[in-house]
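Working through the structure, step by step
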Amino acid sequence: MPELPEVETVRRGLLPVMEGQVIALATVNRDGLRWPFPHDMAARLTNARVNTLRRRSKYILADLSTDETLLIHLGMSGRMLISGQMLGTFHHDHPAPQKHDHVVLDMAGGARITFNDARRFGAMDLMPTATAETHPLLAALGPEPMGNGFDEAYLMARLKGRNTPIKSALLDQHIVAGLGNIYVCETLYRARIAPATKAGALTARQVAGLVPLIREVLAEAIEAGGSSLRDFRQADGELGYFQHRFQVYDREGEPCVTPGCSAKIERMVQSGRSSFYCPICQR
């Protein structure tokens, strides 16, 4: 499932061809994906201008001139692919339609944006922009990890007294939005905190250290275009490459990268997900 860096990478790729542009024609090729598409979605999107293209957690949000907001969730295999007029002078023709091209947006500027989703776990929805933050998928989300609302005092208050492992706490979208398995594993390694440590047992110093490390890992991943595991590609079709910088994730049995550490990376299962960690560096 794409995490915050992958979704932000896709948003940035779409930005030049969507924001400020009119959707000249929207084509919807099925009734829905994970959930049914909203009523008359193609008609409601056609001729609408994309005023702002933003991200909330793992969702892309397009605020439209019609006072509605288009919500896009990539799911496990969803891709937003761009063809036609692209950045600057780069141009290529539209590819032939594919089996899993479920929604197609032909922009007035010449670009075509195709939502392709082979596994059909993605989603699209339309809601009034004025009340978008109350949408069921958005209403209970915690603050953005890169935003001002996420700081040491906030995280300390949310973790206080919690008996759940810190790994599970940081994956809780009610506590902080957008973090997923990959980047929590990488953050906890840099913080030298074992993933099974009880969240409420962390010291003030450990919690204070987590906030900048979370931002550091996310910023590096965004710069690298996200992590390409299985299905993820950027909007231009390119792969992300942060997976080449993994220090613990998916490295079970490989040597720890900390100089002088003789341990090998281990894996445990927490709440059905694999946690990768160094048994010596992370206490």
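I will try to describe carefully the structure that is included in this document. (Residues numbered from 1 in each chain as written. Predicted model: local features only at pLDDT ≥ 70, side-chain atom pairs only at ≥ 80, totals over all residues. Heavy atoms only, no water.)

1. Things to note about the packing of helix H5 (residues 181-191) against helix H6 (residues 204-223)
Closest axis-to-axis distance for the H5/H6 pair is 9 Å, and the angle between their directions is 130°. As judged from the angle between their axes, H5 and H6 are oblique. Handedness of the H5/H6 crossing: right-handed. Between H5 and H6, the residues in contact are Tyr183, Glu186, Thr187, Leu188, Arg190 and Ala191 and Leu210, Leu213, Ile214, Glu216, Val217, Leu218, Glu220 and Ala221, respectively. Residue classes in the contact of H5 with H6 are distributed as nine nonpolar, one polar and four charged. (Axes fitted to C-alpha atoms, helices over the stretch in contact; angles between N-to-C directions. Helix = DSSP H or I, 4+ residues; strand = E, 2+ residues; numbered from the N terminus. Parallel < 35°, antiparallel > 145°, perpendicular 65-115°, else oblique. Left-handed = near helix turned anticlockwise from the far one by under 90°. Contact = heavy atoms within 4.5 Å. Nonpolar A, V, L, I, M, F, W, Y, C, P; charged D, E, K, R; others polar.)

2. Observations regarding the sheet that holds strand S9 (residues 123-128)
Pairing is antiparallel across the open sheet formed by four strands, whose spatial order is S2-S3-S4-S9. Edge strands, defined here as strands with exactly one partner in the open sheet, are strand S2 (50-56) and S9. Between one strand axis and the next, the sheet turns by 20° as a mean value, whatever way the strands run. The pairing of strand S4 (residues 68-73) with S9 spans six bridges and is antiparallel. Across the sheet, His73 pairs through a bridge with Ala123, a residue of S9. Against the sheet, helix H1 (residues 4-18) touches S2 and strand S3 (59-64), its axis set at about 170° to S2. (Pairing = 2+ DSSP bridges.)

3. Quick word on the pattern of salt bridges
By the definition in use, this model includes 14 salt bridges. With its nearest N and O atoms 3.2 Å apart, the salt bridge here joins Glu133 to Arg54. With Glu133 in the loop between S9 and helix H3 (152-159) and Arg54 in strand S2, this residue pair connects regions lying 79 residues apart in the sequence. By relative accessible area, Glu133 is classed as partly exposed at 38%. The class of Arg54 is partly exposed, set by a relative accessible area of 22%. One salt bridge connects Arg112 with Asp106, and the closest N-O pair in it is separated by 2.7 Å. (Salt bridge = Lys/Arg side-chain N within 4 Å of Asp/Glu carboxyl O. Buried < 20%, exposed > 50% of the residue type's maximum accessible area, 1.4 Å probe, protein only.)

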